[in-house]
Structures are given as C-alpha cells and as structure tokens.
Amino acid sequence: MQRIKESTKELKKLSSLTGTAILTALKAVIAQFTIAVSNILEIGFSNIIVGATAMYYGPVLTGLAGVMADTIEYLLRPSGPYFPGFALNEFVIGFIYGCFFYKKEITLKRVIVAEFFIFLIVNMEMTPLWLHILYGNSFMALFTARIVTQLIKLPVNIALLYLLLSTLQRIKKPR
C-alpha cells in the first residue's frame, strides 16, 4: 500500500510525467509492429516498455499511461471497434507491473510472478470476456483458443522482461 502512495506522488513530478510520456510514445510505436493473427489473437511485445515504466514510475502512473497508450495505439492502427475494456486491461497490466517492480529489486522470481498474474487476470479472464462481448463468441471457446498461444508467449515475455529490467536496474533512473 505504501508503494501505491509513493507512486501517486510521481503524478506531481514533471520529470516523471515526461519520462512516462516518452515511454508511452515508445510503447505506441512498438505496438505498431504487433502481428494480428486473427480478430481475437495478436502477438506483440510492447509490454516490456510497460514493465520499464512501472519500474521507474510505479503502479498508478503506469496504469494511467496504459490507458493513454491504448487510446493512442487504437488511433494509429484501429483493429476492430474501439472498446474501453482493452484500456482497462492496459491499466491493470501497468498496475500489476508497478506493484511488483516499483522501488524493488528485479529478480527472475518477481518477473515470473508478475507475468503469471497478468496471464491469469488479463490474458485469460479479462481479454476473453471483452472479446465475448465484442464478437459474441463463446467465452470458453475464446479461453481455449488463447491458452495455447498465451502459454507459448509466457516464457518469452518473462525472458525479455527480465533481461530488460535487470539491465535497466543497473542504470540510474532517468531524471
């Protein structure tokens, strides 16, 4: 709870807002290289930027940046109708990463647990629910279709995120 309060203070710092804006823009650019396999499945790696934002600026600012990034990404490359549930996904992802990485030592275990929570909450529960609402497909069919790809992506996400964050941790926080 203390880290969330500390993260809220980042909203008052111009350097934090500027750094978050730059990382959000970078995330939006990287998201343009997302591969749409179908209208219910995409493969992309922009979440590593969210992890870096969370490490530097915490859960609150990173969650809010996620909402902004989702909107910007949709405006740059619309894929289907705009749906605010996906912005909520981005907030939750940023918030979870922030809770695990903000002002904490980056360890492989910490990255695995954070990714596992995102896998369970966002990738396997929230996203299939939004896709069910949008397209009317069966929730269980969406869940089943996603589980294989998400299980394949999970170790890749863990490895990339751990490599980036452990490297960034050795570098001083940007001002």
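Scroll up to find the structure this text is about.
Residues numbered from 1 in each chain as written. Predicted model: local features only at pLDDT ≥ 70, side-chain atom pairs only at ≥ 80, totals over all residues. Heavy atoms only, no water.

Novice: Would you mind going over the packing of aromatic side chains in detail, with residue names and values included?
Specialist: On inspection of all chains with the given rule, the structure shows nine aromatic pairs. Geometrically, the ring pair formed by F83 and W130 is tilted, given 5.6 Å between the ring centres and 55 degrees between the ring planes. Within this pair, whereas F83 is found in the loop between α3 (47–76) and α4 (84–101), its partner W130 is found in helix α5 (residues 108–135), the two being separated by 47 residues in sequence. With a relative accessible area of 13%, W130 lands in the buried category. With a centroid separation of 5.8 Å and 35 degrees between ring planes, the pair formed by F100 and F117 is classed as tilted. Here F100 is found in helix α4, whereas its partner F117 is found in helix α5, with 17 residues between them in sequence. Taken together, F83, F86 and W130 form an aromatic cluster joined through their ring pairs. (Phe/Tyr/Trp six-rings, centres within 6.5 Å; stacked < 30°, edge-to-face > 60°. Helix = DSSP H or I, 4+ residues; strand = E, 2+ residues; numbered from the N terminus. Buried < 20%, exposed > 50% of the residue type's maximum accessible area, 1.4 Å probe, protein only.)

Novice: How would you explain unusual backbone geometry if you had to name every residue and give the values?
Specialist: The phi dihedral of K103 is positive, around 55 degrees, even though this residue is not glycine. Considering the arrangement of structural elements, one finds K103 in the loop between α4 and α5.

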